[in-house]
Amino acid sequence: MLHRVAASQPKGIALLDGALGTELTSRGFDLKNELWSAVVLGTEEGDRAVQDVHEAYYRAGALICTTASYQAGDLAAFVRVLGLTEEESRRRVARSVQLCRRARDTVRPREGLVAASCGSYGASLPGGQEFHGNFGMSEAELEAFHMPRLAIVLAEGPDLIAFETLPEKTEAVAVCNAMRRHFPSMPYWVSFSAKSETEVSSGETFAECVAAVLASAVHPPEAIGINCTQPRYVSSLLRIGREAISQSPHPGTLLLCYPNAGAVWDGESQNWTGNGSSPEQWCQYTEEWVMCGAKILGGCCNTTPAHISLLKKVWL
Ligand SMILES: [Zn+2]
């Protein structure tokens, strides 16, 4: 499905959205809690803001927007943070898909796509652990963690699933197992966070992660790549990804990247530190990313609709 979508675009590049949390924060919402952007779901003001941000991205040029369910992997967090019942918690996660779909139906009803975001297990732990990995959990345990949210978002009919900011090989293989066993006809992508030009956040090489994800003959992801990573590492990682894909049993797998704007996440203070790139600088990188094989492009933390508008000028 993503092949067809990318091929339908004027230059063969499909655009994603940028950061959701960044936009909600700049609208005055406090996301410093276990649920992050999902904390605003289900309130009138919050729902309106989430839908507004999705609409802004579709309007800026995004073909695919990702839902506010990134950090809603642990349903018990809704109980801890907001005192909700389990039933209401499930409704809030479902809401994330409904809001993105509503934005799509408003702005790009014919061709827009909704990707249900499933962040790493580490996003449900304190201190930004999705940027470290090495959870010491088995594939089966990580698959069990991902199942409840997956079942809720899939019941709402998204177009695909975005497994994002995965820091390690074991978790990536676990989510592929979940999709193969339980949702064998649902398209999905697998995206890692990385800490260098060669390594994902856990310290494992990106090459071995790609090889492991694409090793299974049955229902592999349609795209694989890098997100929430500093732009300066991305070209090298894409070259490694392209090589690993070409040597895998699924050489047609697409490459995607949606790096952050270049700042660094401090899990302790829950703040971004350092200066990110300007939208113009950031957009200049994308020429190289496309030369390195990326077919799906967007932004992660601290990127905005202004970044996506610039991508639209270059790539649409
Ligand atoms: Zn991010």
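Just so you know, these numbers come straight off a predicted model, no measurement behind them.

## Thoughts on the overall build of the protein
A tally of regular secondary structure across the protein gives 11 helices and 10 strands. Taken over C-alpha atoms, the radius of gyration comes to 17 Å for the protein, in line with the 20 Å a tight globule of 316 residues would show. Dimensions along the principal axes, computed over C-alpha positions, put the protein at roughly 50 × 45 × 40 Å. Every one of the 316 residues in the protein was classed for burial, and the buried ones make up 54%. Put simply, 79% of the contacts in the protein that link residues at least 6 apart link residues at least 24 apart.

## Description of the sheet that holds strand β3 (residues 113-119)
If you walk across this open sheet you meet the eight strands as β1-β10-β7-β6-β5-β4-β3-β2, and the pairing is parallel. At either margin of the open sheet sits one strand with a lone partner, and together these are β1 (14-15) and β2 (64-66). Of the pairings in the sheet, the one linking β2 to β3 comprises three bridges and is parallel in character. In the sheet register, Thr-66 faces β3, and the bridge partner there is Ala-115. Together, β2 and β3 form the strand contacts of helix α5 (residues 86-107), whose direction differs from that of β3 by roughly 155 degrees.

## Quick look at unusual backbone geometry
Phi is positive for Asn-134, which is not a glycine, with a value near 50 degrees. Of note, Asn-134 is situated in the loop between β3 and α6 (139-155). In this structure Asn-134 comes out as partly exposed when scored by C-beta crowding, with 14 C-beta atoms within 10 Å. The phi torsion at Asn-302 lies on the positive side, around 75 degrees, for a residue other than glycine. Counting through the fold element by element, Asn-302 comes out in the loop between β10 (294-297) and α11 (305-315).

## So, the environment of Ser-236
You can see Ser-236 is positioned in helix α9 (residues 231-246). Separated by 136 residues in sequence, Ser-236 and Cys-100 have C-alpha atoms that sit 32 Å apart. In contact with Ser-236, not counting residues within four places along its chain, are Glu-197 and Thr-198.

## Quick word on the environment of Leu-150
Here Leu-150 lies in helix α6. Sequence-wise, Leu-150 and Gln-281 are 131 residues apart; in three dimensions their C-alpha atoms are separated by 36 Å. When sequence neighbours within four positions are dropped, the list of residues in contact with Leu-150 reads Cys-118 and Ala-178.

## Considering the pairing of strand β4 (residues 160-166)
Counting buried positions along β4 gives seven out of seven residues, so the element sits mostly inside the fold. Sheet topology note: the β3/β4 ladder contains five bridges and is parallel. Each bridged residue has a counterpart across the sheet, and for Ser-117 the counterpart in β4 is Ala-162. Crossover handedness for the path β3 to α6 to β4: right-handed. Pairing between β4 and strand β5 (residues 188-192): four bridges, direction parallel.

## Some points on the pairing of β5
Most of β5 sits inside the fold, with five of its five residues counted as buried. The side-chain alternation of β5 yields two buried faces, one formed by Tyr-188, Val-190 and Phe-192 and the other by Trp-189 and Ser-191. Crossover β4 to β5 through helix α7 (residues 169-182) is right-handed. Here β5 pairs with strand β6 (residues 223-227) via four bridges, running parallel.

## As for α6
The end-to-end C-alpha distance of α6 is 24 Å, a good match for the 24 Å that 17 residues give at a rise of 1.5 Å each. Helix geometry: α6 is bent most strongly at Met-147, by close to 35 degrees, with proline Pro-148 lying one to four residues after it. Listed as buried for α6 are Leu-142, Glu-143, Phe-145, His-146, Arg-149, Leu-150, Ile-152 and Val-153. Contact partners of the buried residues in α6: α5, β3 and α7.

## Things to note about the packing of helix α3 (residues 44-60) against α5
One can describe the packing of α3 onto α5 by two numbers: an axis separation of 8 Å at closest approach and a directional angle of 45 degrees. Classified by the angle their axes make, α3 and α5 are oblique. Of the two possible hands of crossing, α3 and α5 adopt the one that is right-handed. For the pair formed by α3 and α5, the contact residues are Asp-47, Val-50, Gln-51, His-54, Glu-55, Tyr-58 and Arg-59 on the first element and Arg-95, Leu-99, Cys-100, Arg-102, Ala-103, Arg-104, Thr-106 and Val-107 on the second.

Rules used in this analysis
By convention here, each chain's residues receive numbers from 1 onward along its written sequence. Since the coordinates come from a predicted model, pLDDT governs what is reported: local features require at least 70, and pairs of side-chain atoms require 80 or more to be given and counted, while whole-chain, interface and lining totals use all residues. Helical segments are the DSSP runs of H or I of at least four residues, strand segments are the runs of E of at least two, and each set is numbered from the N terminus. We take the radius of gyration over the C-alpha atoms and set the globule estimate at 2.2 Å times the residue count to the 0.38 power. Put plainly, a residue is buried at 20 or more neighbouring C-beta atoms within 10 Å of its own, exposed at 12 or fewer, and partly exposed in between, counting only other residues' C-beta atoms, which are placed from the backbone. Whether two residues are in contact depends on their C-beta atoms, placed from the backbone: they are in contact if these lie within 7 Å. In short, DSSP must find at least two bridges between two strands for them to pair. An axis is simply a line fitted to the C-alpha atoms; with a helix, the fit covers only the stretch in contact. Between two such axes, the angle follows the N-to-C directions and lies from 0 to 180 degrees. A clockwise course of the path from the first strand over the helix to the second, judged with the strands pointing away from the viewer, identifies a crossover as right-handed. For a helix, the expected span equals 1.5 Å multiplied by the number of residues minus one. Two axes enter the bend calculation: one fitted to the seven residues ending at the residue in question, the other to the seven starting there, and the bend is the angle between them. The scheme is simple: roughly parallel for angles under 35 degrees, roughly antiparallel for over 145, roughly perpendicular for 65 to 115, oblique for anything else. Here is the rule for handedness: rotate from the far helix to the near one, and if that takes an anticlockwise turn smaller than a right angle the crossing is left-handed, while a clockwise turn gives right-handed.

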